[in-house]
Amino acid sequence: THVLARDQIGSGQRRDLRRERDAMDLQIGDKIIHRTFGLGEIIDIQERIINGAQTHCYVVQVNNMTIWVPADIPGQNSLRKPTSPEEFIKTMEILTTPHDHLEEDRLERKKHLTDLLKDGQLSSICRVVRDLSYYKHNAKLNDQEKSILEHAIDSLLTEWSRSINIPLDEAQKSMESMLQTQTNL
């Protein structure tokens, strides 16, 4: 995915697309999930010149950061709409299912986990949380694995709170309860 900072965007012509819709039907004001940065909001939709080509971009506010996310690159969109409550409830059941075996080699394990997270889908995030949480009960996580787990948990809990409309601490308690069930399998 290509996320562009303000200084990476060319100063060429800009066409305001505030009233237009795109292929994903995203509009200004929509809440979105960015696969790296998490929950955000589309604050503008613009055409920008990037590397000499006109590119359709979402302007996304995530926490205190504004990012431009090109939407014109097929298969590379890193944004998705938050999961509906019904779909979220079905998907989070992954946390209670038996874990997948993680590779013994730390580099292969890291590649597997980061590859899982690349699609940004809730099901992948749940799998990483489930598998690393189980692994943590049987082995010590290295710093990279701790970081991956913390990021995945943060993403999961933020979306959980948003999708089900519950406080973060309640989402965390529910997640821990579900993971406890999984570690007892």
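Residues numbered from 1 in each chain as written. Predicted model: local features only at pLDDT ≥ 70, side-chain atom pairs only at ≥ 80, totals over all residues. Heavy atoms only, no water.

## Points about the overall build of the protein
1) Next: Along the backbone of the protein there are five helices and six strands.
2) Next: Secondary structure elements of the protein, listed N to C terminal, follow the sequence β-β-β-β-β-β-α-α-α-α-α.
3) Next: Evaluated residue by residue, the protein yields a buried proportion of 40% over its 185 residues.
4) Next: Restricting to contacts in the protein with at least 6 residues of sequence separation, those with at least 24 account for 57%.
5) Next: Accessible surface for the protein amounts to roughly 10,500 Å². Of this, 47% is attributable to carbon and sulfur atoms. (Helix = DSSP H or I, 4+ residues; strand = E, 2+ residues; numbered from the N terminus. Buried < 20%, exposed > 50% of the residue type's maximum accessible area, 1.4 Å probe, protein only. Contact = heavy atoms within 4.5 Å. Areas by Shrake-Rupley, 256 points an atom, 1.4 Å probe, with all protein chains shown as cover.)

## Things to note about the packing of aromatic side chains
1) Next: Counted according to the given criterion, the structure contains one aromatic pair.
2) Next: Their ring planes at 55° and their centres at 5.5 Å tell us that Phe88 and Trp160 sit as a pair that is tilted. Of this pair, Phe88 sits in helix α1 (residues 85-91) while Trp160 sits in helix α4 (residues 143-164), placing them 72 residues apart in sequence.
3) Next: For Trp160, a relative accessible area of 2% puts it in the buried group. (Phe/Tyr/Trp six-rings, centres within 6.5 Å; stacked < 30°, edge-to-face > 60°.)

## So, the nonpolar core
1) Next: Counting 27 residues, the largest nonpolar core has Leu95, Val128, Val129, Leu132, Leu156, Trp160 and Met175 as the members making the most contacts within it.
2) Next: Here this core gets seven residues from one element, more than from any other, and that element is helix α3 (residues 122-138).
3) Next: Among the nonpolar cores identified, the runner-up in size contains ten residues, and Ile42, Val60, Val62 and Ile67 belong to it. (Core = buried A, V, L, I, M, F, W, Y, C linked by side-chain atoms within 4.5 Å.)

## Quick notes on the packing of helix α2 (residues 106-117) against α3
To characterise two packed helices, one gives the angle between the axes of the helices and the distance between these axes.
1) Next: For the pair α2 and α3, the least separation of the axes is 8 Å and the interaxial angle reads 150°. Viewed along their axes, α2 and α3 adopt a mutual orientation that is roughly antiparallel. Only Ser124, Ile125, Arg127, Val128, Leu132 and Tyr135 of α3 make contact with α2, whose side of the interface consists of Arg109, Leu113, Leu116 and Leu117.
2) Next: Split by residue class, the contact of α2 with α3 holds seven nonpolar, one polar and two charged. (Axes fitted to C-alpha atoms, helices over the stretch in contact; angles between N-to-C directions. Parallel < 35°, antiparallel > 145°, perpendicular 65-115°, else oblique. Nonpolar A, V, L, I, M, F, W, Y, C, P; charged D, E, K, R; others polar.)

## Considerations on α2
Each α-helix turn comprises 3.6 residues. Residues three or four places apart therefore point the same way.
1) Next: With twelve residues, α2 should cover 16 Å at 1.5 Å per step; its first-to-last C-alpha distance of 17 Å lies within 8% of that length.
2) Next: When we look at burial in α2, the residues that qualify are Arg109, Leu113, Leu116 and Leu117. Within α2, the buried residues cover an arc of 100° as seen down the axis, which keeps them to one side. Counted as exposed and oriented over 90 degrees from the buried face of α2: Leu107 and Lys111.
3) Next: Buried residues along α2 sit in contact with α3 and α4. (Expected span 1.5 Å × (residues − 1). Arc of directions from axis to C-beta.)

## Focus on the pairing of strand β4 (residues 53-62)
1) Next: Taking burial as the measure, the ten residues of β4 include seven buried ones, the bulk of the element.
2) Next: Of the pairings in the sheet, the one linking strand β3 (residues 38-50) to β4 comprises nine bridges and is antiparallel in character. Bridge pairing links Ile42 to Val60 in β4.
3) Next: Here six bridges tie β4 to strand β5 (residues 65-70), and the two strands are oriented antiparallel to one another. Bridging from a neighbouring strand, Tyr58 pairs with Val69 of β5.
4) Next: Following β4, the chain reverses through two residues before pairing antiparallel with β5; Asn63 in that reversal takes a positive phi of roughly 55°. (Pairing = 2+ DSSP bridges.)

## Let's talk about the pattern of salt bridges
1) Next: This model, assessed by the stated rule, comprises eight salt bridges.
2) Next: Across the salt bridge formed by Lys111 and Asp115, the nearest N and O atoms sit 2.6 Å from each other. Taken together, the residues span about one helical turn, with Lys111 and Asp115 both in helix α2 at a distance of four residues.
3) Next: What makes Asp115 partly exposed here is its relative accessible area of 33%. (Salt bridge = Lys/Arg side-chain N within 4 Å of Asp/Glu carboxyl O.)

Just geometry here; none of it tells us what the structure is for.
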